[in-house]
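Spelled out from the first residue to the last, the chains are:
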Amino acid sequence: MNTFNLKFPDDFFWGAATSSHQIEGDKHNDWTEWEKSEKRFSHLRSTGLAEQYGLDNFVSGKACNHYKLFHEDFNLAKELGHNVLRFSIAWSRIEPEEGVFDQKEIDHYKEKARKLRELGIEPFVTLWHWPIPVWLRDKGGWQSGKVINYFSRYTEKVVASLKDEVQFWITLNEAELYANNSYLSGIWPPQKKNLISYLLVTRNLIKAHRKAFKIIKKINPIAQIGVATNNVYIEAYKNRAVNLLLKKFADWWVNFYFLNRINDCQDFIGLNYYFHNRINYGFNRNENAIVSDIGWELYPEGMYFVLKDLKKYNKPIYITENGLADAKDEKRAWYIFETLKHVHKAIDEGVDVRGYLHWSLMDNFEWEKGFWPRFGLVEIDYKNCERKARTSAYFYKDICLANGLTGDMINKYNDLIFRFPVSKILP
Ligand code: FCB
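Just so we're clear, the structure is a prediction, and the values are computed from it rather than from any experiment.

*Asks:* Teacher, can you tell me more about the overall build of the chain here?
*Replies:* Looking only at helices and strands, one finds 17 helices and 12 strands in the chain. Rg of the C-alpha trace for the chain: 21 Å, near the compact-globule value of 22 Å for 427 residues, within the 12% margin. Its C-alpha atoms give the chain principal-axis dimensions of roughly 60 × 55 × 50 Å. Counting the 427 residues in the chain, one finds 61% classified as buried. Considering only contacts within the chain whose residues lie at least 6 apart along the sequence, 77% involve residues at least 24 apart.

Shown next, in the form of structure tokens:
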């Protein structure tokens, strides 16, 4: 008999996260236009990516057709034992033209939240998960000072309409990463590489969140509001002095700057954890012993350090994303198991973690990389949009239903869990 048992706190949220652009299909926003631009296609051709994956891989198009199939997807989440689901609202659907709101689309998202609650699944709703309406792009997007008022107006409209169905609001998804990828490294639309723009966008995102927080509280004083932040486990290798110094700087800017600036305007912290960055006289000197299909190092123990670092904010933490691209489903069960052991360790040491949302419920459009990375608990056949839960989804289901990790599931999924090295928090 295996007596291993790591119980999680009562009322812990177990589920998955999604975002509108990546799954819904049939949208019109700055991303969809960028995906189909000549500039984008010629980049894909000249780098050989078009030939390797086909141009269709890089156009979000119908995606998973979740917009039409959301009932089916939510029923599946229920069958898989989830009691929380994170989805985002497409700003471009709600406000396709400046100041013109589409009631039919507002009702669509209202229906989604209502359906989830009916199934006993708590909705976590993200107001902005990167794409913006085309009219806003034309006005300068997040770089324009006007965006703060636009975002406020959109927030007010959505929250007032969904206030009876939604208690948990995430205003912005990974604002820091967006500012970087869209305005500094230039890999996402509008592909700027400009330090001033980057800083301006960061400032506007902070202001927009602060204002949105106040608006939401006014509409619904008991709403719980936060952002989803992409925090990296930054490790100073062997605690060498230079490494420690670089770590201090990187932590300050990458992990804490945004949170510090909004700390009086957040009820909880939404943590997205994917990355480890080992510093050894330079950044990213990772061992990369185990990597996902897209080459991201899988470093589950980093979750523990990132959580411990967030304790100082004294706020509840929901893990709003964590996952991996793993088409063959070889590593997912191991990764979930190891990650959750480290979440549990942090909880044991007093970190107030209240939920874990795996990224993602289903395979989806992974931004500039397109469809080929497979992040889903559920596999999508893009030819006919058929859904099929992977083995790891059933493993995760057992965890959700048991509210923790038990010896029974270790026996049942032994070959998946022990395929890779496991940490010293021993079963
Ligand atoms: C996060 C994003 C999410 C998804 C995962 C893999 O940074 O928030 O949309 O792309 O990475």
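*Asks:* Sorry if this is basic, but what is going on with the pattern of salt bridges here?
*Replies:* Pairs can form between side chains of opposite charge whenever their charged atoms are close. Taken as a whole, this structure holds 26 salt bridges when the rule is applied. Between Arg114 and Glu118 there is a salt bridge; the shortest N-O distance is 2.8 Å. Taken together, the residues span about one helical turn, with Arg114 and Glu118 both in helix 7 (residues 103–118) at a distance of four residues. Put simply, Glu122 and Arg117 hold a salt bridge, and the shortest N to O gap is 2.9 Å. Residue classification places Glu122 among the buried residues on the basis of a relative accessible area of 14%.

*Asks:* How do you make sense of helix 7 when you look at a structure like this?
*Replies:* Because the α-helix completes a turn every 3.6 residues, residues three or four places apart line up on one side. In this model, helix 7 (16 residues) spans 22 Å end to end at C-alpha, consistent with the 22 Å of a helix rising 1.5 Å per residue. Among the residues of helix 7, those classed as buried are Glu105, Ile106, His108, Tyr109, Lys112, Ala113, Lys115 and Leu116. Positive backbone phi, at 80°, marks Gly120, one or two positions downstream of helix 7.

*Asks:* Would you mind showing me how to read the packing of helix 5 (residues 66–79) against helix 7 here?
*Replies:* Each pair of packed helices can be described by the angle between their axes along with the distance between the axes. Between helix 5 and helix 7, whose axes approach to 10 Å, the crossing angle comes to 10°. Judged by the inter-axis angle, helix 5 sits roughly parallel to helix 7. Taken together, the residues of helix 7 that come into contact with helix 5 (itself represented by His66, Tyr67, Phe70, His71, Phe74 and Asn75) are Glu105, His108, Glu111, Lys112, Lys115 and Leu116. For the contact of helix 5 with helix 7, the class distribution of residues is four nonpolar, four polar and four charged.

*Asks:* When you look at the site of the ligand in this model, what are you seeing that I'm missing?
*Replies:* By nearness alone, every residue bordering the ligand is listed as Gln22, His129, Trp130, Asn173, Glu174, Asn230, Tyr274, Glu321, Trp359, Glu366, Trp367 and Phe375. A distance of 2.8 Å is found between an oxygen atom of the ligand and a side-chain nitrogen or oxygen belonging to Gln22. Note that an oxygen atom of the ligand is positioned 2.9 Å from one of the side-chain N or O atoms of Trp367. In the complex, the protein chains occlude 98% of the 290 Å² of accessible area that the ligand would expose alone. Grouping the amino acids of the shell around the ligand by side-chain chemistry returns five nonpolar, four polar and three charged.

*Asks:* Looking at this model, I keep getting lost on the nonpolar core. Mind explaining?
*Replies:* Considering soluble globular proteins, one finds that nonpolar side chains tend to be buried as a cluster. Of all hydrophobic cores here, the largest spans 115 residues; its most connected members are Trp91, Trp128, Trp142, Phe151, Trp169, Leu205 and Leu307. Considering each element in turn, this core owes the most residues, nine residues, to helix 14 (residues 332–348). Setting aside its immediate chain neighbours within four residues, Trp128 contacts Trp91, Trp142, Phe151, Thr171, Leu172, Asn173, Tyr178 and Leu205. With 16 residues, the next largest nonpolar core counts Ile170, Trp296, Leu357 and Trp359 among its residues.

*Asks:* Please clarify how the pairing of strand 7 (residues 269–279) should be interpreted in this entry.
*Replies:* One face of the sheet, then the other: side chains in a regular strand alternate in exactly this way. Counted residue by residue, strand 7 has 10 buried out of 11 residues, so it is predominantly covered. In this structure, strand 7 lies alongside strand 8 (residues 317–321), joined through four bridges in parallel fashion. Paired with Leu271 across the bridge in strand 8 is Ile319.

*Asks:* How do you make sense of the side chain of Thr406 when you look at a structure like this?
*Replies:* Position of Thr406 relative to the elements: it lies in strand 12 (residues 404–406). For Thr406, a relative accessible area of 19% corresponds to the buried category. If we skip the residues at most four places from it in the chain, Thr406 touches Phe4 and Asn5.

*Asks:* Could you clarify how one ought to interpret helix 11 (residues 195–219) in this entry?
*Replies:* The terminal C-alpha atoms of helix 11 lie 36 Å apart, and with 25 residues this matches the ideal 36 Å at 1.5 Å per residue to within 8%. Two to three positions downstream of the cap, the backbone nitrogen of Ile196 sits 2.9 Å from a side-chain oxygen, assigning the N-cap of helix 11 to Asn194.

*Asks:* I tried to follow the sheet that holds strand 8 on my own but got confused; where do I start?
*Replies:* Strand pairing in a sheet relies on backbone hydrogen bonds, with the paired strands running either antiparallel or parallel. On the basis of which strands lie adjacent, the closed barrel formed by eight strands has the order 2-3-4-5-6-7-8-9 and parallel pairing. Ignoring which end each strand starts from, the neighbouring axes of this sheet average 30° apart. Where strand 5 (residues 168–173) lies against strand 6 (residues 224–236), four bridges are found, and the strand directions are parallel. The residue of strand 6 that forms the bridge with Trp169 is Ile225. Helix-sheet contacts for helix 15 (residues 391–402) involve strand 2 (13–17) and strand 9 (353–359), and the interaxial angle to strand 2 is about 145°.

The rules behind the values
Residue numbers run consecutively from 1 along every chain, following the written order of its sequence. Where totals are concerned, whole chains, interfaces and linings use all residues; where local detail is concerned, this predicted model gives features only for residues with pLDDT of at least 70, and gives and counts side-chain atom pairs only at 80 or more. Water and hydrogen atoms play no part in the side-chain values, which are based on all heavy atoms of the structure. Helix and strand assignments follow DSSP, with helices taken as H or I runs no shorter than four residues and strands as E runs no shorter than two, numbered in order from the N terminus. Throughout, the radius of gyration refers to the C-alpha atoms, and the reference size of a globule is 2.2 Å times the residue count to the power 0.38. Summary of the burial criterion: residues with accessible area below 20% of their type's maximum are buried, those above 50% are exposed, and those between are partly exposed, where the area comes from a 1.4 Å probe applied to protein chains only. Contacts: residue pairs with any heavy atoms within 4.5 Å of one another. Here, a salt bridge means any side-chain nitrogen of Lys or Arg that lies within 4 Å of a carboxyl oxygen of Asp or Glu. Every helix has an expected span of 1.5 Å times one less than the residues it contains. Think of each axis as a best-fit line through the C-alpha atoms, taken over the contacting stretch in the case of a helix, with angles from 0 to 180 degrees between the N-to-C directions. Each angle is binned into one of four classes, with values under 35 degrees roughly parallel, values over 145 roughly antiparallel, values of 65 to 115 roughly perpendicular, and all other values oblique. Charged residues are taken to be Asp, Glu, Lys and Arg, nonpolar residues to be Ala, Val, Leu, Ile, Met, Phe, Trp, Tyr, Cys and Pro, and polar residues to be all remaining types, Gly included. For this purpose, a residue is taken to be near a molecule or strand whenever a single non-hydrogen atom of the residue falls within 4 Å of it. Counting of polar contacts relies on pairs of N or O atoms within 3.5 Å, with two restrictions inside protein: one atom must be capable of donating a hydrogen and the other of accepting it, and residues adjacent in sequence are counted only when both atoms are side-chain atoms. For accessible areas, the Shrake-Rupley method is used with a probe of radius 1.4 Å. Any residue's cover is judged against the shown protein chains and nothing else. In these notes, a set of buried Ala, Val, Leu, Ile, Met, Phe, Trp, Tyr and Cys residues joined through side-chain atoms within 4.5 Å is what counts as a nonpolar core. Two strands pair under a simple rule: DSSP has to find at least two bridges between them.

Structural measurements only, silent on function.
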